[in-house]
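Structure assessment
Residues per chain are reported as follows:
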Amino acid sequence: WKNRDSRQMWLQDFLPLDVENIRIMTYGYDTNLGSSSDNCAILDYKKNLVQQLENARMKAKHRPLIFVAHSLGGILVLQALIHSRYTPPQKHILGSTRTIFCFGVPHQSLRVAELEDMITDLAGVAETSRLKLLI
């Protein structure tokens, strides 16, 4: 995410030059998972991400969201969106999500039919233009 020499971050230092009126937020978490408590840690990260989004968006709940995620972060974002779908005060997070860019997200063991079912459950309907981007 950062250039090793200049320490510039493309999201923070270059994207605003091309996209006007953009607000960029980053979310960091411990990526050294490897114990039996990993599932609990992921659940904590998910809830924390949703809560931080809720806090940051108090006055702008309907502002569009675009997520850029790498590796486990992609799974975390999807879990956070599912969580927000079923938590009424945080439902606006899923409703405001326009795009998710995932890079290097583990998916080999996921069957496409299961993914389609998950997206259908998430949306509550099978066909929406927002969720077609995920398939």
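Residues numbered from 1 in each chain as written. Predicted model: local features only at pLDDT ≥ 70, side-chain atom pairs only at ≥ 80, totals over all residues. Heavy atoms only, no water.

**What about the side chain of E54?**
What counts here: Put simply, DSSP H or I for four residues or longer makes a helix, DSSP E for two residues or longer makes a strand, and each gets a number counted from the N terminus. Exposure categories follow from relative accessible area, calculated using a 1.4 Å probe and restricted to protein chains: below 20% of the type maximum is buried, above 50% is exposed, and the middle band is partly exposed. A 3.5 Å cut-off defines polar contacts: any pair of N or O atoms within that distance qualifies, except that in protein one atom must be a possible hydrogen donor and the other a possible acceptor, and neighbouring residues in sequence count only when both atoms are side-chain atoms.
Within the fold, E54 resides in helix α2 (residues 38-56). Using a relative accessible area of 12% as the deciding quantity, one classes E54 as buried. Side chain to side chain, E54 and K61 meet in a polar contact 3.5 Å long.

**Some remarks on the pattern of salt bridges**
Spelled out, the test is: When a carboxyl oxygen of Asp or Glu lies within 4 Å of a side-chain nitrogen of Lys or Arg, that pair is called a salt bridge.
This structure, assessed with the given rule, holds 1 salt bridge. E54 is the partner of K61 in a salt bridge, and the nearest nitrogen-oxygen pair spans 3.5 Å. You can call K61 partly exposed: its relative accessible area is 29%.

**A look at the nonpolar core**
As a rule of thumb, soluble globular proteins bury nonpolar side chains together. Definition in use: Residues enter a nonpolar core if they are buried and are Ala, Val, Leu, Ile, Met, Phe, Trp, Tyr or Cys, with the set joined through side-chain atoms within 4.5 Å.
The biggest cluster of nonpolar side chains holds 15 residues, and the ones touching the most others in it are L49, L53, F67, V77, L81 and I93. Ranked by the residues each element gives to this core, the list is headed by α2, at 5 residues.

**Let's talk about the environment of G28**
In this fold, G28 is placed in the loop between α1 (10-18) and α2. Sequence spacing of G28 and L49 is 21 residues, and the spatial spacing of their C-alpha atoms is 9.2 Å.

**Here we look at the packing of aromatic side chains**
For any pair of aromatic rings, geometry is given as the distance between the ring centres together with the angle between the planes. Using the following cut-off: When two rings of Phe, Tyr or Trp (its six-membered ring) have centres within 6.5 Å they constitute a pair, described as stacked for plane angles under 30 degrees, edge-to-face for angles over 60, and tilted for the intermediate range. As a reminder, the over-ring test applies to NZ of lysine and CZ of arginine, requiring each to be within 6 Å of the ring centre and within 35 degrees of the ring normal.
Tallied over the full model, the rule gives 0 aromatic pairs. Stacked on the ring of Y86, the Lys or Arg R85 has its end atom at 5.2 Å from the ring centre.

**Looking at the environment of H92**
Structurally, H92 can be placed in helix α4 (residues 91-96). Under the relative-accessibility criterion, H92 is labelled buried at 12%. Among the polar contacts listed, one links the side chain of H92 to the backbone oxygen of K61, at a separation of 3.3 Å.

**Digging into the pairing of strand β1 (residues 65-70)**
So the rule is basically this: In this scheme, strands are said to pair when DSSP sees at least two bridges between them.
The alternating pattern of β1 places L65, F67 and A69 on a buried face, while none of I66, V68 and H70, on the opposite face, is buried. Relative to strand β2 (residues 97-103), β1 is paired through 6 bridges, and the arrangement is parallel. Directly across from F67, in β2, lies its bridge partner I100.

**Details of unusual backbone geometry**
Residues other than glycine seldom take positive phi values, yet R7 does so here, at roughly 65°. You can see R7 is positioned in the segment before α1. With a phi close to 55°, S71 is a non-glycine residue in the positive phi region. As for its placement among the helices and strands, S71 is situated in the loop between β1 and α3 (72-85). Using a relative accessible area of 28% as the deciding quantity, one classes S71 as partly exposed.

**Description of the confidence of the model for the protein**
Applicable threshold: Known as pLDDT, the predictor's per-residue confidence is scaled from 0 to 100. Contact definition: two residues touch when any of their heavy atoms are within 4.5 Å.
For the protein, the mean per-residue pLDDT works out to 78, and 70% of the residues sit at or above 70. Across the protein, element-level confidence peaks in α4 with a mean pLDDT of 93 and bottoms out in helix α6 (residues 129-132) with 35. Taken together, the stretch residues 125-135 has pLDDT below 50 and engages in 17 contacts with residues farther than four places along the chain or on a different chain.

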